[in-house]
Amino acid sequence: MSCNTVEIQSNALQVTVLITNDGAVFLQGVTPSGSAPKVPVSKFFPDSYVPLVEVRLAGEGTAKHKSSKTLIGGYIGSRLRYKSHNIEQGDGSKTLNVNMVDNVSHIAVTACLTVYDSTPVLRATATVRNNGDKDIVLTQITSLVLGGLTTGSPQWWFDYVLSVPNNSWFREAQWVEHDLPSLGIDDYGVYGRPEDHWGTLAHYAVSNRGSFSTEGHLPMGLLKRRDNMETWLWQVENNGSWRWEIGDWKDSVYLAAGGPVETDHDWREKLGPGKAFSTVPVALCHVMNSYDTAFAAMTQYRRHIRQKFRDNERLPIIFNDYMNCLMGDPTDKKILALVNPAVRAGAEYFVIDAGWYADDSGWWDDVGLWEPSKERFPMGFKELLSTLRKNGLTPGLWIEPEVVGVRSVVASYLPNEAFFQRDGQRIIEKGRYQLDYRHPSVRDHMHRIIHRLVVGYGVGYFKFDYNIEVTQGTDVDCFSPGMGQLGHNRAYLSWITELHERYPDLVIENCSSGAQRMDYAMLAVHALQSTSDQQDPDRYAAIAAALPTAVTPEQSATWVYPQPDWDDETNAMTVVNSIMGRVHLSGHLDLLGPNQFELIKYGMEVYRSIRKDLPTAVAFWPLGLPQWHDSWVALGLAVQAQKRYYVAVWRRGGAESIDLKIPTLKGRTVHSELLYPASFPAETVWNASEGILKTRLPSKLSARLFRLKS
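Below: a short report on this structure. (Residues numbered from 1 in each chain as written. Predicted model: local features only at pLDDT ≥ 70, side-chain atom pairs only at ≥ 80, totals over all residues. Heavy atoms only, no water.)

So, on to the overall build of the protein. Helix and strand content of the protein: 14 helices and 42 strands. Here the protein has a C-alpha radius of gyration of 26 Å; the compact-globule value for 710 residues is 27 Å, and the two agree. C-alpha extents for the protein along the principal axes are approximately 80 × 70 × 40 Å. A total accessible area of about 25,000 Å² is found for the protein, and carbon and sulfur atoms account for 48% of it. Once the 70 positive and 79 negative side-chain charges of the protein are each reduced to a mean point, those two points are 3 Å apart. (Helix = DSSP H or I, 4+ residues; strand = E, 2+ residues; numbered from the N terminus. Rg over C-alpha atoms; globule rule 2.2 N^0.38 Å. Areas by Shrake-Rupley, 256 points an atom, 1.4 Å probe, with all protein chains shown as cover. Lys, Arg positive; Asp, Glu negative; His and termini not counted. Charge placed at Lys NZ, Arg CZ, Asp CG, Glu CD.)

Right under this line is the structure:
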């Protein structure tokens, strides 16, 4: 087959698009710069590629040999033909736009492929436009499709493993490894037969439907060689529904990913003549190395795509009165009792969490006005927040800006079209209505509330929470419920961006029943992420150690919640859980004994001494990615420009000692310093020849933070 290629290249990545003589277009390669192209072993090569973009229209199923349940194998993908391309320069990036047409359906498709100067990550989106004179109905369009991920491996079904991150309430970011045959992706004996089978029906899909974008799974996946000589890592960037899948295709593995589709999410979109639709972004990292390198690259990419928040440079200590403390029952008396301890411990923000707007405990289905309770704050809410500021604390408030309780007066004065509906009925979830940010009255209503709280009360921080899940979308002013939900998702992100423009110093935290919306559509416009509602320090350790796979350290807010009835090792562990990310200080500081308080205060001092390193640090895992019941867990952060390394290690049982593998320091002289808790027992011995830090912790429940200098 005679072909032409179009390339886009950065210092870190080369992306090659293949164009055949008849104009078919494929993503041929996503190769780290300096790496040799993968050597094919399949007799189908170069025919083993998958079309650059897969599109389905209403009524269309599968063109050949694949199931309509998969994202590939449609009619239009095989018919799309190259028309033109151009390259656009960006800030530290460049984008290749490949324009294609289908002369049967009269649609035009543009695949947008962006590479970055210093990180081996490709960001892909696609736009489809109706160039015909009749309406068309989209039922699917992929953001990214790439075949041949395992090309070069004669027994790819044994040589590669897939890791998928489970993500549930209290148990976030837990990666589970699968060998490919256990997923039904294997050696089938069908390739190369006279029947010309392109693939089987074998595929493995991970999908989310609804407004909890990361409930069940993070929108990520990882495919790696068992010998750690190659890693593919990807993420879908949508604060709602999404899907990715891998499967067999011409003696190799393909990846396809994107936002909502008809089969999974009740998504369809009608495009009139001249109208267009663009997909959500998908990011793909490829390194010829271990997953540590891939996650480091994804971390740098995430820093590039998000808004530039001053908060992510300063990393102030945030006290929040909720977790293992007031638990949604604040009063001025209770808060004032916490102010002095919070200040003495080093807090710079004080966030009043749930309940500040309610006269009693039955507030769940009455929220919507967001006015302070006079019953809870007889001294006056404005006076209380003024007291926080006089003590050097920036006031913050918890709020759920997307919901209205069914008993709230707001439910009656906003128009019916301002709420999610199905078949003319408002959707009710857990006693609440879902606001639709596509409607101007919703945005105006919430802008007025935020303005009142920021300007009238001096609020400088918001914890934006979200505690219902609408899986069915809305059918108001849209072609399908899935499209209604996607439209709301995008309008909500736009509203958050407007808040930053109006109040440049405002800090906004993303929360959703812990981390049920920990995606990089949300995190691109929020300064930080609440990572869990887990209340046990020993269980939180497995979450804390895994979080850099999902969120940058400077955005990763983890609870420190000491208790007077916990022993010193447990209280120290809750500090170590948070100290390599964003400190969310809580717990009954006012009830701690003097020695207990000094232990927490010292932890905050250590945090302030290292936080300047966190915005440039990348993670590594000396014991591998943590498993929920592991006896030992470890997380490292490398600050390579300063040649500093931080290692947090947790013991939750098992033997007294463990070998921490740090291959990047192999052969070097390394000095190990116990940073926290500095006076607690711990022993380390560095083996330079093997790159191993042998660590001993005598207590079965313990955690330590070390700094390594080479």
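A word on the sheet that holds strand β9 (residues 136-141). Pairing is antiparallel in the open sheet, where three strands are placed in the order β4-β9-β19. Looking at which strands have only one partner, the edges of the open sheet turn out to be β4 (55-57) and β19 (269-271). Strand after strand, the sheet turns through a mean of 45 degrees between neighbouring axes, direction not considered. Strand direction decides the pairing type here: β9 and β19, joined by three bridges, are antiparallel. Residue pairing for β19: L138 is matched across the bridge by E269. (Pairing = 2+ DSSP bridges. Axes fitted to C-alpha atoms, helices over the stretch in contact; angles between N-to-C directions.)

Most of strand β37 (residues 644-652) is tucked away, with nine of its nine residues classed as buried. Taking every second residue as pointing to the same face, both faces of β37 are buried, with R644, Y646, A648, W650 and R652 on one and Y645, V647, V649 and R651 on the other. In terms of strand pairing, strand β36 (residues 632-639) meets β37 through eight bridges, oriented antiparallel. Looking at β37, one finds that V639 is bridged to R644. Bridge count between β37 and strand β42 (residues 701-709): nine bridges; the pairing is antiparallel. Its bridge partner being in β42, A648 is matched across the sheet by L705. (Buried < 20%, exposed > 50% of the residue type's maximum accessible area, 1.4 Å probe, protein only.)

To continue, consider helix α7 (residues 332-345). Here α7 is 14 residues long and its end C-alpha atoms lie 20 Å apart, about the 20 Å a rise of 1.5 Å per residue gives. At V339, α7 shows its maximal kink, close to 30 degrees; a proline, P341, follows between one and four residues later. Among all positions in α7, only D332, I335, L338, V339, P341, A342 and A345 are buried. Those residues of α7 hidden inside the fold are in contact with β22 (318-320), α6 (322-326), β23 (349-352), α8 (381-390), β34 (582-585) and α14 (594-610). Positioned one or two residues after α7, G346 has a phi angle of 115 degrees, which is positive. (Expected span 1.5 Å × (residues − 1). Bend = angle between axes of the 7 residues up to and from the residue. Contact = heavy atoms within 4.5 Å.)

Mapping Q235 onto the fold places it in strand β16 (residues 231-236). Residue contacts for Q235: discarding those within four places in its chain leaves P219, M220, P281, V282, A283, M298, Y301, R302 and Y520.

Enumeration over the complete set of coordinates arrives at five cavities of 30 Å³ or more. Taken as a whole, the largest cavity spans an internal volume of roughly 100 Å³. Lining the largest cavity are 13 residues, and of these A544, S556, M580, G581 and L635 lie nearest its centre. Of all the secondary-structure elements, those providing two or more residues to the lining of the largest cavity are β33 (556-560) and α13 (568-578). Looking at the lining of the largest cavity, the element that brings in the most residues is α13, giving three residues. For the lining of the largest cavity, a count of residues per class yields eight nonpolar, five polar and no charged. In this structure, the second largest cavity spans a volume of roughly 70 Å³. Its residues assigned to classes, the lining of the second largest cavity shows three nonpolar, nine polar and two charged. (1 Å grid on protein atoms, 1.4 Å probe; cavity = no way out; pocket = protein on both sides within 12 Å on 5 of 7 lines; lining within 4 Å. Points joined across faces, edges and corners; volume = space filled by probe spheres on them. Nonpolar A, V, L, I, M, F, W, Y, C, P; charged D, E, K, R; others polar.)

What follows concerns the sheet that holds β42. Strands sit in the order β35-β36-β37-β42-β39 across an open sheet of five strands; the sheet is antiparallel. Of all the strands in the sheet, just β35 (618-620) and β39 (671-676) have a single pairing partner and so form its edges. Put simply, the sheet's adjacent strands are angled 25 degrees from each other on average, direction ignored. Taken together, the five bridges between β39 and β42 define a ladder with antiparallel strand orientation. What sits directly across from H671, in β42, is K709.

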